[in-house]
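# Structural characterization, general
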Amino acid sequence: MAITGSWPRRPAALRLLVLAAALLGALLGGAAPAAAHAALTSSTPAQGSVVDRAPEQVTLSFSEGVAMGDDSIRVLDPQGKRVDRGKLRNLCSGSVVKYGAGLPPGLADGTYTVAWQAVSADSHPVSGAFTFSVGAPSKTTAAVPQQEVGGGLVGALYGIARYVAYAGFVLLAGGAAFVVACRPAAARVRSVQRLVVQGWAALTAATIAMLLLRAPYTGSGDLADVFDLGGLRQVLETKPGAALVSRILLLAAAALFVAVLFGAYARAQEPAQGGGTGEADGAEQGEESAAEAARRRADLTRGLGIGGVIVAAGLAATWAMAEHASTGLQTAVAMPVDVLHLLAVASWLGGLTALVVSLYWGPPVERAAVRRFSRIAFGSVVVLVATGIYQSWRQVGSWDALTDTSYGRLLLLKAGLVVLLVGIAWTSRRWTSRLTELRTETAATSTAPGPSEGAAAPASVSDVSEPEPAPETEPERTPVAVAVPSSSASTTDSGTDSGTDSGTDKASDAISGSASDATGDDGVDADRAAQLARQRAALSTARTKRIRDADPQRLGLRRSVLAEATVAVVVLAVSTVLTATEPARTEAAVKAAEAGQSADANQPRVLTVPFDTGGPRGKGTARIDLDPGRSGSANELHLRISDTSGATMDVPEVKISFTLKDKKLGPLPVVPDHISEGHWSASGVQLPVPGKWQLSLLVRTSDIDQVTETRNVKIDR
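Conventions adopted
- Residues numbered from 1 in each chain as written.
- Predicted model: local features only at pLDDT ≥ 70, side-chain atom pairs only at ≥ 80, totals over all residues.
- Heavy atoms only, no water.
- Patch = residues over 30% accessible without salt bridge, like charges linked within 9 Å, V, L, I, M, F, W, Y side chains within 5 Å.
- Areas by Shrake-Rupley, 256 points an atom, 1.4 Å probe, with all protein chains shown as cover.
- Salt bridge = Lys/Arg side-chain N within 4 Å of Asp/Glu carboxyl O.
- Helix = DSSP H or I, 4+ residues; strand = E, 2+ residues; numbered from the N terminus.
- Buried < 20%, exposed > 50% of the residue type's maximum accessible area, 1.4 Å probe, protein only.
- Pairing = 2+ DSSP bridges.
- Axes fitted to C-alpha atoms, helices over the stretch in contact; angles between N-to-C directions.
- Phe/Tyr/Trp six-rings, centres within 6.5 Å; stacked < 30°, edge-to-face > 60°.
- Lys NZ or Arg CZ within 6 Å of the ring centre and 35° of its normal.
- Expected span 1.5 Å × (residues − 1).
- Polar contact = N/O pair within 3.5 Å; in protein donor to acceptor, adjacent residues only side chain to side chain.
- Core = buried A, V, L, I, M, F, W, Y, C linked by side-chain atoms within 4.5 Å.
- Parallel < 35°, antiparallel > 145°, perpendicular 65-115°, else oblique.
- Left-handed = near helix turned anticlockwise from the far one by under 90°.
- Contact = heavy atoms within 4.5 Å.
- Nonpolar A, V, L, I, M, F, W, Y, C, P; charged D, E, K, R; others polar.

A separate point is a nonpolar patch on the surface. Judged by side-chain polarity, Leu-153, Leu-157, Ile-160, Val-164 and Leu-223 come together as a nonpolar surface patch covering roughly 390 Å² of accessible area. Mapped onto the elements of the fold, Leu-157 is located in helix α2 (residues 152–182). With a relative accessible area of 32%, Leu-157 lands in the partly exposed category.

Rendered as structure tokens:
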């Protein structure tokens, strides 16, 4: 019994593959550089703030763990000269992720630039820059990198390597699982062997490329640094570097697994050869040989199954230990769930690819093998749904984030594609349930009526033994099994194709007779006999293809499986982009930090208020800093006034008050003390409740010239 697979119709197959390639290019080509997965939640001094005197250090706080080095935080003076001490300070404590860089005493007044760069706990690079001022703002010529870390040519190559690594893992693990669990005879099929070996080669090459690209990807962005041994040494000391090295070691074990799979295991699937001289002795030895071969196949299957699961789980763990699952909520649960998710993806999509290859470019595929894969695919989908729901909750966190964040929108796209993929898989499952048993030409011949007998009914399926697929090497010398539907064999032979079949049979008989004549003369014309044998095989193959194409069930199965594989390519591309996209929870934390609503600490409120009293020297700018800018605590207020040239300027009187109209609170006056020229300060400013407060600033520049300006300021808890 066999489900035969003919060569695909080139135009249709090429159209589907071109469409998949176009969608893949749109996804990968349109994707931005790998987004930061760790967010800067606060800094001291705060971005854009003005401090009275130079701080002793600059500190940065992040939403999750990051890896930083001595050059990760650089502080530049207004002339662009680096002024920090060049030594990273680890200020982390508990769940607080904080790093700092020390500053020397006696820094001059002016605007300073802080440029920082780090690698988040899920292996993605992150960078940024901000400014603060000492005394008063000034012009600055400090230059910061214009190219975002993880971008450019190196970022593009790294992204391609990530996709190739995922694809290689799916083909390697899924293809091998298809052979061991669904169709052991496929171990002797050349196209399936190529598929699995190419998956191993792709994963190995991509892993080595990622290891070499890692240093420039997270650092300089210069492609020439792939050969920097110092950078490579630093990469090996990081968690992503250790994961990549572990993957290479596991791939060595996978190479041994593949060698056994397509070596000893493939030979174990070969038909047993009879070896007895006498009839009784031959039968007894044949039974013993068959039993021994069965035990050997069972032992190999058990060993490959256990070893394959261990190697595949180890390979999947190299992603789980270095990416999204390794940081954030419930990492002890998330990492095993991520491993299960990757294994389910490989079992489904990798097995599907092996089935496509078998149907289109391999020998006959048994109905039982297709049904076994169908059951495995169904179980894989169940695991995918369960693990996917958990991962989505963990990375998204809220329903609004599904539509308000890039990660959420990509997740919705992936979910839609998976639903489409499941729909096509359901169609394939329906085609599978309609399949009928096929019998080979040999079986049909053995049950066909003799020359003197009348037409008999076709042989039943139970009378037909399952053929062993022939290796694809030297196809011209391999007997070709011709698949004929048992339910329609007689109809096919006597129906509309009877003339063609009769012609083919006559041609085959003629070629057979010629071959006998050619080899009868002591094998003189061996080349002619080989040529006739190839012609006969070609005629048999043509007849087989015609019968296969006439079977609507098998034609429908091949088309639906090809469409399923095409959508799977796009799903894998979206998944790769998702792994390089900032999770929705982190993106929400970034937005909250930018709005002064960080969960860790509120950013100081900074207001710039231009004014014009209308009198001499009546124009200027007032800058108000309210730190930490939250309710229920004592805030510190600083007011600095400068003229139109930016120089500090004293005025006879300033008054500040706060009003919360929604709660009918205020005005609450604040009386600042004059500290120095153009600088006023007030401590213990209490704002009782959060909300949008209105700040009123009165500035008097002479006995008669004054103005009141109002601004809104949001105060959080």
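Next comes the rest of the write-up.
Okay, the sheet that holds strand β15 (residues 653–660) next. With respect to topology, 4 strands assemble into an open sheet ordered β16-β15-β19-β20, the strand pairing being antiparallel. Every interior strand has two partners, whereas the edge strands, β16 (665–670) and β20 (706–715), have only one. On average, each strand axis in the sheet is inclined to that of its neighbour by 20°, with strand direction left out of account. Relative to β20, strand β19 (residues 691–700) runs antiparallel, the two sharing 10 bridges. The residue of β20 that forms the bridge with Val-699 is Val-707.

Another aspect to go through is the sheet that holds strand β14 (residues 635–642). As summarised here, the arrangement of the 5 strands in space is β12-β13-β14-β18-β17, forming an open sheet in which the pairing is antiparallel. Both edges of this open sheet fall to β12 (605–612) and β17 (673–676), since each of them pairs with a single strand only. For this sheet, the mean angle separating the axes of adjacent strands, direction not counted, is 25°. Pairing between β14 and strand β18 (residues 679–685): 5 bridges, direction antiparallel. From the neighbouring strand, Asn-635 faces β18, where its bridge partner is Val-685.

For the rest of this paragraph, the subject is the pattern of salt bridges. A complete count under the given rule lists 12 salt bridges for this structure. Between Arg-700 and Glu-653 there is a salt bridge, with the nearest N and O atoms lying 2.9 Å from each other. In this pair, Arg-700 sits in strand β19 while Glu-653 sits in strand β15, placing the two residues 47 residues apart along the sequence. Taking the relative accessible area as the measure of exposure, Glu-653 reaches 25% and is therefore partly exposed. Among the ionic contacts, a cluster of salt bridges with common partners joins Glu-653, Lys-655, Arg-700 and Asp-703.

Taken as a whole and assessed by the stated rule, the structure comprises 6 aromatic pairs. Here the aromatic rings of Tyr-112 and Phe-132 are separated by 5.8 Å at their centres, their planes lie at 20°, and the arrangement is stacked. Placement of the pair is Tyr-112 in strand β8 (residues 110–120) and Phe-132 in strand β9 (residues 125–134), with a sequence separation of 20 residues. A connected cluster of aromatic rings, assembled from ring pairs, spans Tyr-166, Phe-169 and Trp-319. Over the ring of Trp-319 we find Arg-247; its NZ or CZ atom is 3.9 Å from the centre of that ring.

Here we take up helix α5 (residues 239–261). The end-to-end C-alpha distance of α5, which contains 23 residues, comes to 32 Å, matching closely the 33 Å that a straight helix rising 1.5 Å per residue would cover. Here α5 has its buried residues at Pro-240, Gly-241, Ala-243, Leu-244, Arg-247, Leu-251, Ala-254, Phe-257, Val-258 and Leu-261. Where α5 starts, the residue carrying a side-chain oxygen 3.3 Å from the main-chain nitrogen of Gly-241 turns out to be Thr-238.

The next point concerns the nonpolar core. Counting 94 residues, the largest nonpolar core has Phe-169, Leu-172, Leu-203, Leu-261, Trp-348, Leu-355 and Phe-373 as the members making the most contacts within it. For this core, the element with the highest residue contribution is α2, accounting for 16 residues. Judged by nonpolar contacts, the second largest core, of 27 residues, contains Val-609, Ile-656, Ala-682 and Leu-695.

Any two packed helices are characterised by the angle at which their axes cross and by the distance between the axes. Running from amino to carboxyl end, helix α3 (residues 190–218) crosses α5 at an angle of 160°, the nearest separation of the two axes being 10 Å. Put simply, α3 runs roughly antiparallel to α5. Note on packing geometry: the crossing formed by α3 with α5 is left-handed. Packed against α3, whose contacting residues are Val-196, Val-197, Trp-200, Leu-203, Thr-204, Thr-207, Ile-208, Met-210, Leu-211 and Arg-214, the element α5 presents Pro-240, Gly-241, Leu-244, Val-245, Arg-247, Ile-248, Leu-251, Ala-254, Ala-255 and Val-258 at the interface. Class assignment of the residues belonging to the contact of α3 with α5 gives a composition of 15 nonpolar, 3 polar and 2 charged.

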